[in-house]
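Coordinate inspection notes
Residues per chain are reported as follows:
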Amino acid sequence: MATKKEEKEFEKERKAAIKARYKKMKDEGLEKYLTPEQISYNRRRRAIGMVWPFFRFLILFGLCFVILYPLIFMLSTAFRPNEQMNDPSVVWIPKSFTLDNIKDVWGVMKFEDTVVNTVILNLVASVLQVITCSITGYGFARFKFKGKGILFGIVVLMIIVPPQITTIPLYLQYAYFKPEWLAKVFTLGKSTSLINSGWTMYLPALFANGLRAGLFIFIFRQFFRGLPKELEDAAYLDGCSPLKTFLVIMCPNAKSSFLTVFLFSIVWYWNDYYVSSSFFTQNDTVALMLKNLNTNLTQQLFDGQAVSVRQIIVWLEAGCLLSITPILIMYVFLQRYFIEGVERSGLAN
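Residues numbered from 1 in each chain as written. Predicted model: local features only at pLDDT ≥ 70, side-chain atom pairs only at ≥ 80, totals over all residues. Heavy atoms only, no water.

1. Quick look at the overall build of the protein
Assigned secondary structure in the protein consists of 16 helices and zero strands. At 29 Å, the protein has a C-alpha radius of gyration far larger than the 20 Å of a compact globule built from 349 residues. Along the three orthogonal principal directions, the C-alpha set of the protein runs to about 85 × 75 × 35 Å. In the protein, which comprises 349 residues, the proportion classed as buried is 35%. In the protein, once contacts between residues fewer than 6 apart in sequence are set aside, the share between residues at least 24 apart is 68%. Entry remark: accessible area of the protein is about 22,400 Å², with carbon and sulfur atoms responsible for 65%. Mean positive and mean negative side-chain charge positions of the protein (38 and 26 charges, respectively) differ by 7 Å. (Helix = DSSP H or I, 4+ residues; strand = E, 2+ residues; numbered from the N terminus. Rg over C-alpha atoms; globule rule 2.2 N^0.38 Å. Buried < 20%, exposed > 50% of the residue type's maximum accessible area, 1.4 Å probe, protein only. Contact = heavy atoms within 4.5 Å. Areas by Shrake-Rupley, 256 points an atom, 1.4 Å probe, with all protein chains shown as cover. Lys, Arg positive; Asp, Glu negative; His and termini not counted. Charge placed at Lys NZ, Arg CZ, Asp CG, Glu CD.)

Right under this line is the structure:
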């Protein structure tokens, strides 16, 4: 057996021999060593290698422009006085900056109360969804049971079928919730209906059926399938039950997937307005307040008079900026873990 020192010397000699061979081939000409087809192939590769970086730059520049243009326009408009929207000399950089737009929208959206309400709703629903989807994904990844294929097909349908299909049945179920005593418990005795309560979000998340739950189950299933089976076998030999094995062995190894699903869930619950507007008529969230911002601005700033989008756009863009700021701050601090979780969960493949 060769020692490590001998292996290093051999590797060094091998690289030196390859380098000398390439140098000799270059000095004497490739025609002596390569066939015409190989020479033609190498020339094409060199030509593609010279042209491709230029096209790659154009593609990336175009994609960046498409993605960043709305953000740049939003920043340029949100801090611009309204009268400068009709100034042809102002394109991107305003002549003066103002925070009045932010202050006006802050008051119209009741931003402090709205953010607190949205955060509570998002955190509870996201935590419940992460717990239930992780258990469900682990079951699909590690256990064999009758009807497993059919049930996983239903999970796939949860990804494919849009929520609009199930909105009416869910609304009727929440509006006439049975048993009534349980609805009173959920609403603290206020009503027998769950409409306008956070339970319209909590209950689906509790049963792994919240927003994008099918995708989250799939992420956990793929991740747990990639972990070595020997981890569970060793835990079973030590006397661990399946639940204890999941909590003690599997969950610590799936921290990146838990964080990825949690961030996805937070973002989707934060941006959701369709499901929220279907079940909430009094419970204000950031998405709902942003959806109704045009109407609220017209009533509170313009006394109900009809105004064009051009006149009101600075406040609309200020509202958009306020709405995405908490999510951007969260992403800035957690983006490293988010990217790592996406890569390890298999979504990047």
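2. A few points about the side chain of Asn-101
With respect to the helices and strands, the residue Asn-101 is situated in helix 3 (residues 100-108). Residue class for Asn-101 comes out buried when judged on its relative accessible area of 4%. A polar contact of 2.9 Å, which involves the side chain of Asn-101, links it to the backbone oxygen of Arg-80. Filtering out sequence-adjacent residues up to four positions away, Asn-101 remains in contact with Thr-77, Ala-78, Phe-79, Arg-80, Val-314, Trp-315 and Ala-318. (Polar contact = N/O pair within 3.5 Å; in protein donor to acceptor, adjacent residues only side chain to side chain.)

3. Some remarks on the packing of helix 4 (residues 111-142) against helix 11 (residues 242-253)
The interhelical angle for the contact between helix 4 and helix 11, taken along N-to-C directions, is 110°, at an axis separation of 12 Å. Regarding the angle of helix 4 to helix 11, the classification is roughly perpendicular. Facing helix 4, whose interface residues are Ser-134, Ile-135, Tyr-138 and Arg-142, helix 11 presents Pro-242, Thr-245, Phe-246 and Met-250. Among the residues making up the contact of helix 4 with helix 11, the classes are represented as five nonpolar, two polar and one charged. (Axes fitted to C-alpha atoms, helices over the stretch in contact; angles between N-to-C directions. Parallel < 35°, antiparallel > 145°, perpendicular 65-115°, else oblique. Nonpolar A, V, L, I, M, F, W, Y, C, P; charged D, E, K, R; others polar.)

4. As for the nonpolar core
Formed by 25 residues in total, the largest nonpolar core has its most connected members in Val-105, Met-109, Leu-293, Leu-297, Ile-312 and Trp-315. Of all elements in the fold, only helix 2 (36-78), helix 3, helix 4, helix 12 (255-271), helix 14 (286-291), helix 15 (293-301) and helix 16 (309-345) reach the threshold of two or more residues within this core. Those residues in contact with Val-105 that lie beyond four places of it in its chain are Leu-293, Trp-315, Ala-318, Gly-319 and Leu-322. (Core = buried A, V, L, I, M, F, W, Y, C linked by side-chain atoms within 4.5 Å.)

5. Considerations on the pattern of salt bridges
Inspection of every chain in the model, using the stated rule, returns four salt bridges. For Arg-14, the salt bridge goes to Glu-11, with nearest N and O atoms at 2.7 Å. Taken together, the residues span about one helical turn, with Arg-14 and Glu-11 both in helix 1 (residues 4-28) at a distance of three residues. Relative accessible area serves as the criterion here: at 30%, Glu-11 is assigned to the partly exposed category. A salt bridge links Glu-180 to Lys-178, with the shortest nitrogen-to-oxygen separation between them at 3.2 Å. Judged by its relative accessible area of 41%, Glu-180 is partly exposed. (Salt bridge = Lys/Arg side-chain N within 4 Å of Asp/Glu carboxyl O.)

6. A closer look at the state of the cysteines
Using the criterion set out here, one finds zero disulfides in the structure. Take Cys-133: it sits in no disulfide, and the sulfur closest to it among the cysteines is that of Cys-251, at 13 Å. You can call Cys-133 buried: its relative accessible area is 0%. We note that Cys-251 lacks a disulfide partner, and the nearest cysteine sulfur, in Cys-240, lies 13 Å from it. Exposure remark for Cys-251: the relative accessible area of 17% places this residue in the buried category. (Disulfide = S-S within 2.5 Å.)

7. Focus on the packing of helix 4 against helix 12
Closest axis-to-axis distance for the helix 4/helix 12 pair is 9 Å, and the angle between their directions is 140°. By the criterion of interaxial angle, the relationship of helix 4 to helix 12 is oblique. The hand of the helix 4/helix 12 crossing is right-handed. Across the interface between the two elements, Val-115, Thr-118, Val-119, Asn-122, Leu-123, Ala-125, Ser-126, Val-127, Gln-129, Val-130 and Ser-134 from helix 4 touch Phe-258, Val-261, Phe-262, Ser-265, Ile-266, Tyr-269 and Trp-270 from helix 12. Here the contact of helix 4 with helix 12 is built from residues that sort into twelve nonpolar, six polar and no charged. (Left-handed = near helix turned anticlockwise from the far one by under 90°.)

8. A few points about the packing of aromatic side chains
Summed over all chains, the structure comprises 22 aromatic pairs. Every member of this aromatic cluster is reached through a ring pair, and the members are Tyr-138, Phe-143, Phe-220, Phe-223, Phe-224, Phe-246 and Phe-258. Above the ring of Trp-268, the side-chain terminus of Arg-212 is found at 5.1 Å from the ring centroid. (Phe/Tyr/Trp six-rings, centres within 6.5 Å; stacked < 30°, edge-to-face > 60°. Lys NZ or Arg CZ within 6 Å of the ring centre and 35° of its normal.)

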